[in-house]
Amino acid sequence: MQTKENTNRHIARRKFLRTCGGIVAGGVIVSLSGVLLKKTVSHDLQTFWQIDPAKCVWCGRCETECVLPVSAVKCMHANKVCGYCDLCGGYYRPNVKDLNTAAENLMCPTGAILRKFVEEPYFEYTIDEELCTGCAKCAKGCNSFGNGSLYMQVNQDLCTNCNECSIEKVCPSGAITRVAQANAYDFKDN
Amino acid sequence: MKKTAGLIPCLLASMAGFAQNRFPKPDFESGYQYPQYVYDVPSEMLWTTVDIFALAVLMGVVAWASLRRRTRLPITIVSIISIAYFGFFRKGCICSIGSVQNVAVALTDSSYAISIPILIFFVLPLVFALLFGRVFCAGVCPFGALQELVNVRNFRIPTALSKVLGMLPWIYLVLALLFAITHSAFIICRFDPFVGIFRLGGTVSMIVFGAILLILAIFTGRPFCRFLCPYGAILSLFSRVAVWNVKIVKKQCINCDLCRHACYVDAIRPPYNNKVKESRSAGVRRILLYLILLPLIMTIAALTLRTGSDLLAGVHKRVQLHEKYHLEGEQAIEVETFIGQGGKIEELTAETAEIQRQFKQYSTVAGALIGLVIGITLINLSLKRSRKNYEIDDANCVSCGRCFAYCPQNNKSSENTQSTK
């Protein structure tokens, strides 16, 4: 009889403790969400990773560090900045002997830069994003010798928007930051 | 190539005004039109709404299946849906496990704004855990679902080992919070084992780690959930005091031990008769003694982690930059860009010292918390409570619903029960 009463008391105590715990836990949830709600971004549901072209140093890590099999970082071309040169620093390697489109003369390792004759002496360059791996070799060449119209951007359609961008962690210039929806792209020709 | 290499340093030095107009804009005579590129910013509105909706509905289904219907099939279906949608389609981001870090940063850094979906992904499973137990873990979390579906055997891990490993999620959580609030890294995201599978690619270490865990998951229940998942650790606290919890039988238990064998996360405790007779006052005194010893363990752990704080601070990007400067000098591309952007080495050194000081403080607290985890685990081991029946350990139960089908009392139809009575 004594022991039975004891166990009953134990069970009652355990139940009471459990209820108290539940109330505390509920309070924690309510107060935590209250505090956090004040800190939300009201206008944007989501932010995006993007490269600031003014800071980018074309180190080539975007190609290798992205978690995707083929990086979400692509080269983009600002035609309104481009000089339409025949001898393009982004298209040809620096010290080529013959200016022809043989692969050994071209900067892009995947042949993603398309060149089209417009009129003497201008050539139009476009990027085939399907082929681009984001190695930034062309952007480096263009920025070194030309107008800097080739530049790197995160393609938001491909980016999985990781909580922690693995490229950002190794970016030497701090060019990758989280930006608001309105600045999801940082175009050079705007 | 050599020419480029020679030119780059000069360019880096004059980053701000990097030459935009070496060549003038061409005057086209042929009426050439500039090509128009359209890059749409994907509207996250739709998918984020679907995410949140799916999260709530799937958790609701699991709660209904585990508490009302008491059957496993809906939970398996939820698992498949979750792997397909949250895993392969949404590529595992955003997830509740990682959201812990965003919340930690938002709470400590006034300039950090947390986005609403992340907040909901953090809070909603907690709310459900407080109401219905760990229904999120059951199959809504793609990681849990993946391990759930590959499991075929249930080799039991020795209790001693599982108790030791059971401390890991807490230690992982404490370290994740430490690195998050110091703005060093999101280690939960970085060492995410299964996201590589969902993205069909990733770093070698990620794939190897994920594969090892998945192979282990075939032979024992949910190694990641039990011994690593930091969010599961938080959920277990809420599940412990949940309003409604999984019950195996509504009728009289016949102590057949089948449910314990079915449970693959060791969440069912068998009846236990504590033979050690200890008077209540002696027991209370013993616990009090342990509680006095607890700060001692915490202090030791805190001091241990404090001595290693410089090592931990090495994860911070600025500290790494500083190290790079001392190892490779100005040749390193990071240092070169830092100076190119107008950074001063003295400022960097000061900043590094500040970060290391901050790490010293935080890692002391983190060490104390780890000591607390170890201490509480030890005290828990000394508490031996007699049980007459099979009891579900609400903290560890992941609501997977395996036990229901094994219980012979559950399977009997009501008429049979009447007749046996």
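Just so we're clear, the structure is a prediction, and the values are computed from it rather than from any experiment. (Residues numbered from 1 in each chain as written. Chains lettered and ligands numbered in written order. Predicted model: local features only at pLDDT ≥ 70, side-chain atom pairs only at ≥ 80, totals over all residues. Heavy atoms only, no water.)

*Asks:* Before we go on, may I ask you to explain the overall build of chain A in this structure?
*Replies:* Secondary structure assignment for chain A yields three helices and six strands. The order of helices and strands in chain A, counted from the N terminus, is α-β-α-β-β-β-α-β-β. Taking 190 residues into account, the globule formula puts the C-alpha radius of gyration at 16 Å, and chain A, at 28 Å, lies well above it. Residues counted as buried form 53% of the 190 residues belonging to chain A. Across chain A, contacts joining residues at least 24 apart in sequence account for 72% of those joining residues at least 6 apart. Total accessible area computed for chain A in this model is approximately 9,100 Å², and 57% of it derives from carbon and sulfur atoms. Of the charged side chains in chain A, 21 are positive and 19 negative, and the gap between their average positions amounts to 20 Å. (Helix = DSSP H or I, 4+ residues; strand = E, 2+ residues; numbered from the N terminus. Rg over C-alpha atoms; globule rule 2.2 N^0.38 Å. Buried < 20%, exposed > 50% of the residue type's maximum accessible area, 1.4 Å probe, protein only. Contact = heavy atoms within 4.5 Å. Areas by Shrake-Rupley, 256 points an atom, 1.4 Å probe, with all protein chains shown as cover. Lys, Arg positive; Asp, Glu negative; His and termini not counted. Charge placed at Lys NZ, Arg CZ, Asp CG, Glu CD.)

*Asks:* Any chance you could explain the overall build of chain B here in plain terms?
*Replies:* Per the secondary structure count, chain B includes 23 helices and two strands. Relative to the globule expectation of 22 Å for 421 residues, the C-alpha radius of gyration of chain B, 27 Å, shows a markedly less compact shape. With the principal axes as the frame, chain B shows a C-alpha extent of 100 × 60 × 35 Å. Contacts in chain B between residues at least 24 apart in sequence constitute 81% of all its contacts with a sequence separation of at least 6. Only carbon and sulfur atoms are counted for the fraction: they give 65% of the accessible area of chain B, which is about 21,500 Å². Side-chain charges in chain B split into 43 positive and 25 negative, and the spacing between the mean points of these groups amounts to 18 Å.

*Asks:* Explain helix 18 (residues 317–328) of chain B to me, please; I cannot follow it from the model alone.
*Replies:* Side chains of residues three or four places apart in an α-helix project in the same direction, reflecting 3.6 residues per turn. Residues and elements named next belong to chain B. Compared with the 16 Å implied by 1.5 Å per residue over twelve residues, the 16 Å span of helix 18 between its first and last C-alpha is a close match. Inspection of helix 18 places Val319, Leu321 and His322 among the buried residues, and these make up the whole buried set. All buried residues of helix 18 fall inside an arc of 160° around its axis, so they share one side. On its buried face, helix 18 sits against helix 17 (309–313), helix 19 (333–340) and helix 20 (345–382). (Expected span 1.5 Å × (residues − 1). Arc of directions from axis to C-beta.)

*Asks:* What exactly am I supposed to notice about the confidence of the model for chain B here?
*Replies:* Residue and element names in this part refer to chain B. Mean pLDDT over chain B: 87, with 92% of residues reaching 70 or higher. Within chain B, helix 1 (residues 2–13) has the poorest average pLDDT of any element, 40, and helix 9 (residues 168–181) the best, 96. Scored below 50 in pLDDT, residues 1–19 shows 32 contacts in the model against residues more than four places distant or in partner chains. (pLDDT = per-residue confidence, 0-100.)

*Asks:* How should I be thinking about a nonpolar patch on the surface in this particular structure?
*Replies:* All names here are of chain B. Residues Val204, Val208, Ile212 and Leu216 make up a contiguous nonpolar surface patch of about 360 Å² in total accessible area. On the secondary structure map, Leu216 appears in helix 12 (residues 204–219). Classification of Leu216 as partly exposed rests on a relative accessible area of 42%. (Patch = residues over 30% accessible without salt bridge, like charges linked within 9 Å, V, L, I, M, F, W, Y side chains within 5 Å. Salt bridge = Lys/Arg side-chain N within 4 Å of Asp/Glu carboxyl O.)

*Asks:* When you look at the domain arrangement of chain A in this model, what are you seeing that I'm missing?
*Replies:* By a widely used convention, the size of an interface equals the accessible area lost when the partners come together. Examined at the domain level, chain A breaks down into domain 1 (1–40) and domain 2 (48–183). For domain 1 of chain A and domain 2 of chain A, the distance between their C-alpha centres works out to 57 Å. (Domains from an automatic or database assignment.)

*Asks:* Any chance you could explain unusual backbone geometry here in plain terms?
*Replies:* The phi angle of most residues is negative, glycine excepted, and most peptide bonds adopt the trans form. Put simply, Glu120 of chain A and Pro121 of chain A share a cis peptide bond, and its omega is -5°. With respect to the secondary-structure elements, Pro121 of chain A resides in the loop between strand 3 (113–119) and strand 4 (122–127). If you check the backbone angles, Asn161 of chain A has positive phi at about 55° while not being a glycine. Position of Asn161 of chain A among the secondary structure elements: in the loop between strand 5 (150–154) and strand 6 (176–179). By relative accessible area, which is 9% here, Asn161 of chain A ends up buried. Non-glycine residue His183 of chain B carries a positive phi angle of around 60°. Mapping His183 of chain B onto the fold places it in the loop between helix 9 and helix 10 (187–190). Among the residues examined, His183 of chain B registers a relative accessible area of 43% and is labelled partly exposed.

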